[in-house]
Amino acid sequence: YNNTHYCICSKGTILFNNKDDLNFVPLLIEKIDFDNQHVFSYNTTDKKFVSEEFRIELIEYKRTKFSDIAFIGQKCFIVGDNGIILKSYDAGKSWLIEKWGSFNFNDIEMIDDNNGFIAANNGYILKTVDGGKSWQVIEWDHISTNFNAISFYKDKGIIVGNRSYIITTHDK
């Protein structure tokens, strides 16, 4: 984004540069707002997220394997395992941390400022219609494969997963 390159890695490591060269530096932990975090558990009966008092501790964050990053304007999302999402509203200068259940996220695709999807393990897709303020879980009966990638072009989308699963849509 704007000549900044990001590398997302395991063990809570995010590297970036602000130059046209490839000298990457780690994102400082102080840039992540652990004081104003949001944690949600997923209620499988109601199929809804419920706010929790639980906190993400630094040690849990440092175990996170991040898998994808998406920019849409100044907004940025980084997704990883165990439900961890980092969000930035200022092009990566500062970050909020959230935990959405215990889903392992593999890929994120933001279509516009409001609409986006996350491909997750065990046949789950998460969808937002409010710019990532809330997420809705989409699941398919009898599909438990890991969804590894999701991509959209206009209203057409494709999700690919293990065991040759491919799901397509023509209406977001």
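Notes on the structure in this doc start here. (Residues numbered from 1 in each chain as written. Predicted model: local features only at pLDDT ≥ 70, side-chain atom pairs only at ≥ 80, totals over all residues. Heavy atoms only, no water.)

Our focus in this paragraph is the packing of aromatic side chains. Between two aromatic rings, the relevant description is the distance of the centres plus the angle of the planes. Summed over all chains, the structure comprises 14 aromatic pairs. Where Phe34 meets Tyr61, the ring centres are 5.7 Å apart and the plane angle is 90°; that geometry is what we call edge-to-face. Taken together, the residues Phe34 in strand β4 (residues 32-43) and Tyr61 in helix α1 (residues 58-62) connect sequence positions 27 residues apart. Tyr61 carries the same exposure label as Phe34, and that label is buried. (Phe/Tyr/Trp six-rings, centres within 6.5 Å; stacked < 30°, edge-to-face > 60°. Helix = DSSP H or I, 4+ residues; strand = E, 2+ residues; numbered from the N terminus. Buried < 20%, exposed > 50% of the residue type's maximum accessible area, 1.4 Å probe, protein only.)

Taken in spatial order, the 6 strands line up as β5-β4-β9-β8-β7-β6 in an open sheet, and their pairing is mixed. The strands lining the two open edges of the sheet, one partner per strand, are β5 (48-51) and β6 (66-72). Strand-to-strand twist across the sheet, computed as the mean angle between neighbouring axes with direction ignored, equals 25°. The pairing of β6 with strand β7 (residues 75-80) spans 6 bridges and is classified as antiparallel. Bridging across to β7, Ile72 finds its partner in Lys75. (Pairing = 2+ DSSP bridges. Axes fitted to C-alpha atoms, helices over the stretch in contact; angles between N-to-C directions.)

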